[in-house]
Amino acid sequence: MKRLLDWLDERSGYRRVVAQALDEDVVGGASFAYVFGSVLTFILLLQFTTGVFLAMYYSPSATDAWASVAYIQDTVTMGWFVRGLHSYGASAMVIVAGLHLLQTAIYGAYKAPRELNWITGVLMLGLILAFALTGYLLPWDQTGYWATKVATGIAGTSPVIGDQLQQVAQAGNEYGNLTLTRFFAIHVFILPALLIGLVVVHIALFRRHGVTPKWGRSKEALDSSTQPFWPDQMFRDIVAMAVVFAILVGVNVYSGGVKLDGPADPASNFDARPEWYFRALFQVLKYFEGAMEHVVALGTPVVVGGVLLGLPFADRGADRNPRGRLPFIAVIAVGATLVGVLTVLSFREDAADERLQKRLTEAHEQSVKARALAKEHGVPPAGGRAVFATEPYYRARNLWAEHCQSCHQGDERKGPEITYGYNSRSWIRDFLKDPSGQRFFGVTEINEMEPVELTGVELDAVVEFVYGQTGADDVNGELAAKGKQLFEDNCTDCHSSFESEEVDISGDPSEWAAPDLRRRGSVDMLASFIRDAGKLPYFGDKNEMPVFDRSKLSENDRYLLAEYLVWLRSAAPEPRDAQAAQTTTR
Amino acid sequence: MAESDTSRRRFLSIATTAIGGVIGAVLTVPLIRYVFFPVGRRIVSDTADAIDVLDEKALKPGASPTRVEITASGVRNAWGVADDVALGAAWVRKTESGELHALSSVCPHLGCAIDYEPARSVYTCPCHKSAFQIDGKKISGPAKRGLDRLDATVEEGRVKVTWRRFRPDVSEDEKEIES
Ligand code: FES
């Protein structure tokens, strides 16, 4: 090993490079006050690494972006971990950059000759926010899509060039494939290149001027306590890195990864909310209207940037003690407080808005469903939103929601409750025990049936007999035969007897006592029943359910619905949703 | 003083390196697992179903083979699922005795698509010039085996072919890919 390294050093002189990189005097001694820059470099490397790895599974197209991110999140081994680190890492970047800025400002480290250190730093803060803005759109989920639309919309209100600016930013007249490819290219090529360039300049300037020790120490005191960067400062740096990294990993694991909303849906209503570090700007816009809103939206970043950039030129005295620079410290403090207060206000207002919370809950349920479906069935070529159509009985569910749900589910039902387990053994049993109860025909006028008084095995037998009519393949034939006998003995005063093959439907619909139970709950019977529940052998003139003939439902749709109802019999309530809720916390 | 400083710095150096190592490991292990996720998985699905390719009447006993495309529906491709996805192509014909015969168009050498030359009644590969008889047996070239036979049946007047992939550049005995 030693010889290999010697060989390498003879050719490359790497030892001198490393020694030079690490060999630097920290005037006044190592301090935890100086760790922020190193921590930022560390997070930056973390972002580069996780970003490159995410690109391994990510596809920047309007049809594939959400699907590929959902794949990373829910299918790829450790994908949620890598994506979570990248996303939480962005937040960490903003926080640590803010702290770095505060530390530098309080120490007066931007003063001559370090103005350029400060200016490159402020520019990098701008780049970090640009990273966050462009990265937010890439998953093409509801939040990213709508929040970024607001951001490019703001750009569109710029004076004179607004329209062009917006078209350049979103690449065209509308959000689509080109918006994503453009944001992707900016996020993974342009911004990193710019940032690396500035980091190099920033660090080179830092090496040139050295650290800015705390104010008020004499030159002699500083010189006598000077320590080397390696390992004295580096140790503090790496401890800080480890703390930040541990928090990142902890938050990531604890939250089960960062959230992913449902696929972007331009047809939906979605409450656009930016990432937390843009919340202050978001909040401030609420207080302005019309033209003023545009002025503030565009003006605030310009003013904040201008103030920061101008700071070293305004605060030029030799004294770095904050007490001697109160007005400048005040500007920073007021600015930071304002950002903090606005951010808190924004979250508080959202939390107090019950209707918003309800919509957010619904949006969350949609995302859980979309992700579960994407994992199970894959996403069709039409793109993220099409994943909802992969749900079993998708069309039938829509038909159900449109035509049936209001009368058969909820508190304002006009007919028996139909939900998971409809026509299962336990449903039939409950029905027989209380046919005219609120859950069944109690909400209708057809409430004359008396509860069945059989118990024990006899009740089991009748249940099995009725259950057998559905055509289920797990019927106990022996028990059902016994039930048939009991049925013939007890129920045929009203329901037609099964002694003959077919039921006689030539009777008068107004005299019809009760529906015939042959093949009750089978696909064919249900499709025919849905068409007209008032015809014989169903309810006759007692019927209250609307007719769904061809003017309302095609034959095909009636069968889809009937098949869905049959599927309900053995379906558990949304098993997928419960399962998905377990694997994802947000 | 100087000595205690030296030992303190040695400790700091070691601690710094150790902490760095731990951070690296916590990052590297998940990343390696992440990169290796696709290994051994059916990222792109195919189908074991017999796929309808053409009308049986289109095949005359003893005639030249016909090239057919094999497409499947519900094909998963990582996050996507799509219908009418092309899986590959096959050459089908009927022998003189009327027996159905289907060959994968994937060259058993390195996977190029083979052509049929009606003038010489041979299959040739455009890549490295492997040549095969009409029954698939190898004539010449770098391929280590003959063309791969696919199962083909006739159901209700339609020819159906079952698509399969095999390991390239190995002998007949080693070509199975266990799934
Ligand atoms: S791939 Fe066909 S001969 Fe090489």
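Residues numbered from 1 in each chain as written. Chains lettered and ligands numbered in written order. Predicted model: local features only at pLDDT ≥ 70, side-chain atom pairs only at ≥ 80, totals over all residues. Heavy atoms only, no water.

Now for the overall build of chain B. Tallying secondary structure elements over chain B gives one helix and 13 strands in all. Mapped in sequence order, the helices and strands of chain B form the string α-β-β-β-β-β-β-β-β-β-β-β-β-β. Expected size for 179 residues packed as a compact globule is a radius of gyration near 16 Å; at 27 Å, chain B overshoots this value by more than 25%. Each principal axis of the C-alpha distribution contributes one length, and for chain B these read about 100 × 35 × 25 Å. Looking at the 179 residues of chain B, the share that counts as buried comes to 37%. Pairs at least 24 residues apart make up 49% of the contacts formed inside chain B by residues separated by at least 6 positions. Per element, the accessible surface of chain B, about 10,200 Å² overall, is 54% carbon and sulfur. Across chain B, the 25 positively charged side chains and the 25 negatively charged ones have centroids separated by 6 Å. (Helix = DSSP H or I, 4+ residues; strand = E, 2+ residues; numbered from the N terminus. Rg over C-alpha atoms; globule rule 2.2 N^0.38 Å. Buried < 20%, exposed > 50% of the residue type's maximum accessible area, 1.4 Å probe, protein only. Contact = heavy atoms within 4.5 Å. Areas by Shrake-Rupley, 256 points an atom, 1.4 Å probe, with all protein chains shown as cover. Lys, Arg positive; Asp, Glu negative; His and termini not counted. Charge placed at Lys NZ, Arg CZ, Asp CG, Glu CD.)

This next bit is on the domain arrangement of chain A. Quoted interface sizes are often the accessible area lost when the parts come together. Along its sequence, chain A is organised into domain 1 (28–362) and domain 2 (394–496 + 505–585). The straight-line distance from the C-alpha centre of domain 1 of chain A to that of domain 2 of chain A is 58 Å. (Domains from an automatic or database assignment.)

What follows is about helix H17 (residues 425–433) of chain A. Residue and element names in this part refer to chain A. Looking only at H17, the buried set comprises Trp427, Ile428, Phe431 and Leu432. The arc that holds the buried residues of H17, viewed along the axis, is 130°, so those residues lie on one side. The inward-facing, buried residues of H17 contact helix H18 (456–468). (Arc of directions from axis to C-beta.)

Attention now moves to the packing of helix H13 (residues 290–314) of chain A against helix H14 (residues 326–352) of chain A. Residues and elements named next belong to chain A. Following both chains from N to C, one finds H13 and H14 inclined at 170°, their axes separated by 11 Å at the closest point. The angle between H13 and H14 falls in the class roughly antiparallel. Together, Val307, Leu308, Leu311 and Ala314 of H13 and Phe328, Val331 and Ile332 of H14 make up the contact between the two elements. Per-class residue counts for the contact of H13 with H14 are seven nonpolar, no polar and no charged. (Axes fitted to C-alpha atoms, helices over the stretch in contact; angles between N-to-C directions. Parallel < 35°, antiparallel > 145°, perpendicular 65-115°, else oblique. Nonpolar A, V, L, I, M, F, W, Y, C, P; charged D, E, K, R; others polar.)

Residue and element names in this part refer to chain A. Within chain A, residue pLDDT values average 91, and 98% of them lie at 70 or more. Confidence, expressed as mean pLDDT per element, reaches its minimum in chain A at helix H22 (residues 575–583) with 45 and its maximum at helix H4 (residues 65–74) with 97. Residue range residues 576–586 is modelled with pLDDT below 50. Its contacts to residues more than four positions away, or to other chains, number 17 contacts. (pLDDT = per-residue confidence, 0-100.)

With that settled, consider the pattern of salt bridges. Note that side chains of opposite charge can pair when their charged atoms are close. Under the definition given, this model contains 44 salt bridges over all chains. When the shortest N-O distance is used, the salt bridge between Glu555(A) and Arg558(A) registers 3.1 Å. In this pair, Glu555(A) and Arg558(A) are both assigned in helix H21 (residues 555–570), three residues apart and thus about one turn of the helix distant. You can call Glu555(A) partly exposed: its relative accessible area is 46%. Take Arg558(A): its relative accessible area is 3%, and that puts it in the buried class. Among the ionic pairs, Lys160(B) bridges to Glu155(B), the shortest N-O distance being 3.6 Å. Residues joined by salt bridges that share partners form a network here, namely Lys2(A), Asp6(A), Asp9(A) and Arg15(A). (Salt bridge = Lys/Arg side-chain N within 4 Å of Asp/Glu carboxyl O.)

A word on a nonpolar patch on the surface. Taken together, the side chains of Met56(A), Ile32(B), Val35(B), Phe36(B) and Val39(B) define a hydrophobic patch exposed on the protein surface, amounting to about 470 Å² of accessible area. The residue Val35(B) is located in helix H1 (residues 2–35) in this model. Exposure remark for Val35(B): the relative accessible area of 33% places this residue in the partly exposed category. (Patch = residues over 30% accessible without salt bridge, like charges linked within 9 Å, V, L, I, M, F, W, Y side chains within 5 Å.)

Let us now look at the sheet that holds strand E12 (residues 152–155) of chain B. Residues and elements named next belong to chain B. Read from one edge of the open sheet, three strands run E1-E13-E12, paired in antiparallel fashion. Single-partner strands in this sheet number two, and they are strand E1 (50–55) and E12. On average, each strand axis in the sheet is tilted by 35° relative to the strand beside it, whichever way the strands run. Judged from the five bridges that link them, E1 and strand E13 (residues 158–162) form a sheet pairing that is antiparallel. Within E13, the position partnered with Ile51 by the bridge is Val161. (Pairing = 2+ DSSP bridges.)

The subject of this paragraph is the environment of Lys414(A). Residue and element names in this part refer to chain A. Within the fold, Lys414 resides in the loop between helix H16 (394–408) and H17. With relative accessibility at 57%, the residue Lys414 sits in the exposed group. Between the alpha carbons of Lys414 and Glu445 there is a distance of 9.7 Å; along the sequence they are 31 residues apart. Each residue touching Lys414, except ones within four places of it in the same chain, is listed here: Cys407, Val443, Thr444 and Glu544.

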